[in-house]
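Close look at the chain arrangement
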Amino acid sequence: LLLLAAALAVAPAPAAAFYLPGLAPVNFCEADKEKPECQSGIELFVNRLDSVESVLPYEYTAFDFCQAEGKKRPSENLGQVLFGERIEPSPYRFTFNKEETCKPVCTKTYDTKKPEDKQKLDFLKKSMLLNYQHHWIVDNMPVTWCYDVEDGQRFCNPGFPIGCYITEDGRPKDACVINSEFHEKDTFYIFNHVDIKIYYHIVENGALGARLVAAKLEPKSYKHTHPENPDCSGVPMDISNKANGEVKIAYTYSVTFHEEKKIRWASRWDYILESMPHTHIQWFSIMNSLVIVLFLSGMVAMIMLRTLHKDIARYNQMDSTEDAQEEFGWKLVHGDIFRPPRKGMLLSVFLGSGTQILIMTFVTLFFACLGFLSPANRGALMTCAVVLWVLLGTPAGYVAARFYKSFGGEKWKTNVLLTSFLCPGIVFADFFIMNLILWGEGSSAAIPFGTLVAILALWFCISVPLTFIGAYFGFKKNAIEHPVRTNQIPRQIPEQSFYTKPLPGIIMGGILPFGCIFIQLFFILNSIWSHQMYYMFGFLFLVFIILVITCSEATILLCYFHLCAEDYHWQWRSFLTSGFTAVYFLIYAIHYFFSKLQITGTASTILYFGYTMIMVLIFFLFTGTIGFFACFWFVTKIYSVVKVD
């Protein structure tokens, strides 16, 4: 919220409209008509290069491409740094409405006899083999490469490859299929020329100039015979795998401008998003989830209204009759239902961290739905989540302290310290190990030392004190009042049937919530590992609400069955029942790794599973907390309406 308020205060928006920070439109006009409110120069920025075959992204400067001399790189926010985005200025500069044809940028020469040159060329070949992709940005929009895919669909990729490779048996890999001239065996073809098309829309009152609505390019390969005076024709630029001697690569570009009357500035991202994975699958997944929710709600409603209502009426009538001794079902365990669980300290700490994650997720998704965290606002989603997590230390400390006190705990100092350091510490340790691997590999996703110190400062100087404040208020309040008294001597639990034993119930409990989210999970994993944009926050928010309802209902159902079987250990069981959804998430992530990703290399595999474990832990705490609170509410409610002697 603080971030949002600050951002809105900073954004200088025109009087006629309200724009988000950093997303106000820029007006362009021709060089001879330039004035303060409209500029003629168009800058092209380059982002890190990444690949679906490797988790390691690299900065543009790690490759030997044409560099922009003496230009300052734009500053990045916390979210961009954490996601490994590194935006830098490029040597490509255009003037609005001034077309260029085959303009040279620079020429790179490699002498394979020199170890330094050979190393640079080998790195370039390796990145072409792994299909590394450029990501260019014009006016805060990705420059896209659009091509036809099956069924007459057109796919717009917000990146384009460095080059491609023809294998030793003459099979074209990746982008080599686009040109029949790429046919030499065991040869790399580098895309050293780009045809850029910039589409603009003239603002209604033409005095303001034009706004850019799309930037598309087509990568091409030419062996320029005269690099100083290129003509962009002839054979493609090939680099044989066994090349010896001197290799010259000349980089060139052409740019054209086209007026586009149909697309307005506000909807300029639509063409990229429309070509992304299909929305009708999303609707199918939501319908599927809603069916599960309706089915569960029906079951829960039936239990609540019919069975429970009957039970309560019968229990309360029995006071007047002689059968009072013949108690049965869940009323039998009223003297043990609020008996403190074993390992109450750990459970209260998990509940504190889970509450922090639950509120953070809700607020982040709510803002994302309102469009504050759109893909155009780079890194905003991650920044928002981290800042919220830090500021939500107070609810974590409060919830942990309240429940720990109600479990009869005395060691309040240990409780506060564990709430502050246990779960965040595990996540940070995992994150730090992953970062060491990225550092070792020289990847751009490695977080600079300064940022790591800043994250630790946020944790120790803001989150921890806030947790202490929350815990102080939690311990100061009286313990939670339970509707029934706990007996001195614990009651014997009868022999349980197979499905009321703890493990089968816990395993069954996670299936339904996972069924609601697994299609959405596919799109989220795609956006993280296959570098696709994720923008369907409306769907995600809906699925989040469905997940909360499903976790609550599944846990309440199983809790009722266990109480009827006279098993009163519900606290850990309710947490683990819905928390088990995270185990299914882990199994799905392993399946996704082997069936959908083409990741190669030990470092990439370790990174994939390292980051997956962080997601699984967060998801476990999040779903477990929902299950516990639902069950706690249910138990308190049913025991407060029966008359107990």
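Predicted model only: the values in this text are computed from it and were never measured.

Summing up its helical and strand segments, the chain has 15 helices and 17 strands in all. Counting the 645 residues in the chain, one finds 52% classified as buried. The contacts of the chain with a sequence gap of at least 6 include a subset with a gap of at least 24, amounting to 77%. Roughly 30,500 Å² of accessible area belongs to the chain as shown, and the carbon and sulfur atoms make up 62% of that amount.

This part is about the environment of E553. Among the structural elements, E553 can be located in helix α12 (residues 537-564). For E553, a relative accessible area of 12% puts it in the buried group. It is 68 Å that separates the C-alpha atoms of E553 and D111, two residues lying 442 residues apart in sequence. Beyond its immediate sequence surroundings of up to four residues, E553 is in contact with V293, L296, S297 and V300.

Within the largest apolar cluster, 148 residues are counted, with the highest numbers of intra-cluster contacts made by F94, L124, W136, W330, V635 and Y639. Per-element accounting of this core gives the leading share, 17 residues, to helix α15 (residues 602-641). The contact partners of F94, leaving out residues within four places of it in the chain, are S40, G41, I42, L44, I196, I198, Y253, V255 and F257. Core analysis: the next-biggest nonpolar cluster, separate from the first, contains twelve residues, C146, V213, W269 and I272 among them.

Quick look at the sheet that holds strand β12 (residues 163-166) now. With respect to topology, three strands assemble into an open sheet ordered β12-β13-β16, the strand pairing being antiparallel. Of all the strands in the sheet, just β12 and β16 (238-240) have a single pairing partner and so form its edges. With strand direction ignored, the average angle separating the axes of adjacent strands in the sheet is 25 degrees. As paired elements, β12 and strand β13 (residues 187-190) share four bridges and run antiparallel to each other. Residue pairing in the sheet places Y165 in a bridge with F188 of β13. Helix α3 (residues 115-129) rests against β12, β13 and β16 of the sheet, and its axis sits at about 90 degrees to β13.

Per-residue pLDDT for the chain has a mean of 88; in total, 93% of the residues score no lower than 70. Per-element confidence in the chain ranges from a low mean pLDDT of 35 for helix α1 (residues 2-10) to a high of 97 for helix α6 (residues 344-369). When the criterion is pLDDT under 50, residues 1-19 qualifies, and its contacts beyond four places in sequence or with other chains add up to 20 contacts.

What follows is about the layout of surface pockets. The volume enclosed by the second largest pocket comes to roughly 1,100 Å³. Along the walls of the second largest pocket sit 39 residues, with V52, Y147, F155, N157 and Q532 positioned nearest its centre. Looking at the lining of the second largest pocket, the elements that each hand over two or more residues are β2 (49-51), β9 (145-148), β10 (154-157) and α11 (502-529). Top element by residues in the lining of the second largest pocket is α11. It accounts for four residues. Taken together, the residues of the lining of the second largest pocket sort by class into 18 nonpolar, 13 polar and eight charged.

In contact at an axis separation of 6 Å, α11 and helix α13 (residues 571-579) are set at 40 degrees when each is read in the N-to-C sense. Classed by the angle they form, the pair α11 and α13 counts as oblique. Two secondary-structure elements touch here, α11 through P502, G505, I506, G509 and G510 and α13 through R573, L576 and T577.

With that settled, the discussion passes to the sheet that holds strand β14 (residues 193-202). Overall, mixed pairing links the four strands, which are arranged β5-β17-β14-β15 in an open sheet. Whereas interior strands pair on both sides, the edge strands pair on one side only; in this sheet they are β5 (100-111) and β15 (210-220). Mean inter-strand twist for the sheet, computed between neighbouring axes without regard to direction, equals 20 degrees. Strands β5 and β17 (246-259) of the sheet are contacted by α3, whose axis makes an angle of about 125 degrees with β5.

Moving on, we get to the pattern of salt bridges. The full count for this structure, using the stated rule, is 20 salt bridges. In this structure, R73 engages E76 in a salt bridge whose closest nitrogen and oxygen atoms are separated by 3.4 Å. The class of R73 is partly exposed, set by a relative accessible area of 36%. A residue is classified by how much of its surface remains accessible, and E76, at 24% relative accessible area, is partly exposed. In this structure, D148 engages R154 in a salt bridge whose closest nitrogen and oxygen atoms are separated by 3.0 Å. Exposure remark for D148: the relative accessible area of 57% places this residue in the exposed category. By relative accessible area, R154 is classed as partly exposed at 46%. One network of salt bridges, in which partners are shared, links E59, R73, E76 and E88.

Attention now moves to the state of the cysteines. Counting across every chain of the model gives five disulfides. Linked covalently through their sulfurs, C102 and C232 form a disulfide whose S-S length is 1.9 Å. With the S-S bond torsion at 85 degrees, the cross-link from C102 to C232 turns out right-handed. Here the residue C102 occupies a position in strand β5, and C232 occupies one in the loop between β15 and β16, the gap between them amounting to 130 residues. What makes C102 buried here is its relative accessible area of 6%. Residue class for C232 comes out buried when judged on its relative accessible area of 15%. Two residues share a disulfide in this structure: C164 and C176, whose sulfurs sit 2.0 Å from each other. Disulfide C164 to C176: torsion about the S-S bond roughly 90 degrees, handedness right-handed. In this pair, C164 is assigned in strand β12 and C176 in the loop between β12 and β13, connecting sequence segments twelve residues apart. With relative accessibility at 1%, the residue C164 sits in the buried group. The class for C176 is buried, based on a relative accessible area of 2%.

Reading the values: rules and limits
- Every chain begins its residue count from 1, and numbering advances along the sequence as written.
- Local features in this predicted model are restricted to residues of pLDDT 70 or higher, and side-chain atom pairs are both shown and tallied only at a pLDDT of 80 or more, whereas totals for entire chains, interfaces and linings draw on every residue.
- In computing side-chain values, all of the structure's heavy atoms are included and hydrogens and water are not.
- Numbered from the N terminus, helices here are DSSP runs of H or I no shorter than four residues, and strands are runs of E no shorter than two.
- Only protein chains enter the accessibility calculation, which uses a 1.4 Å probe; a residue whose area is less than 20% of its type maximum is buried, one above 50% is exposed, and one in between is partly exposed.
- Contact between two residues is taken to exist if any of their heavy atoms lie within 4.5 Å; hydrogens are not considered.
- Computed with a 1.4 Å probe, the accessible areas rest on the Shrake-Rupley method; for each residue, only the protein chains presented here act as cover.
- Residues belong to one nonpolar core when they are buried, are Ala, Val, Leu, Ile, Met, Phe, Trp, Tyr or Cys, and are joined through side-chain atoms within 4.5 Å.
- Here, a strand pair is defined by DSSP locating no fewer than two bridges between the strands.
- Each axis is a line fitted through C-alpha atoms, taken for helices only over the stretch in contact, and angles between the N-to-C directions span 0 to 180 degrees.
- You can read pLDDT as the predictor saying how much it trusts each residue, on a scale of 0 to 100.
- The definitions used throughout rest on a 1 Å grid laid over the protein atoms alone, on which a cavity is an enclosed set of points accommodating a 1.4 Å probe that cannot get out and a pocket is an open set flanked by protein within 12 Å on both sides along at least five of seven lines; lining residues are those having an atom within 4 Å of a point.
- Grid points are joined across faces, edges and corners, and a volume is the space filled by probe spheres set on the points.
- Classification used: nonpolar for Ala, Val, Leu, Ile, Met, Phe, Trp, Tyr, Cys and Pro, charged for Asp, Glu, Lys and Arg, polar for all others including Gly.
- Angle categories: roughly parallel below 35 degrees, roughly antiparallel above 145, roughly perpendicular from 65 to 115, and oblique for all the rest.
- A carboxyl oxygen of Asp or Glu within 4 Å of a side-chain nitrogen of Lys or Arg is what we treat as a salt bridge.
- Disulfides are defined in this document as cysteine sulfur pairs within 2.5 Å.

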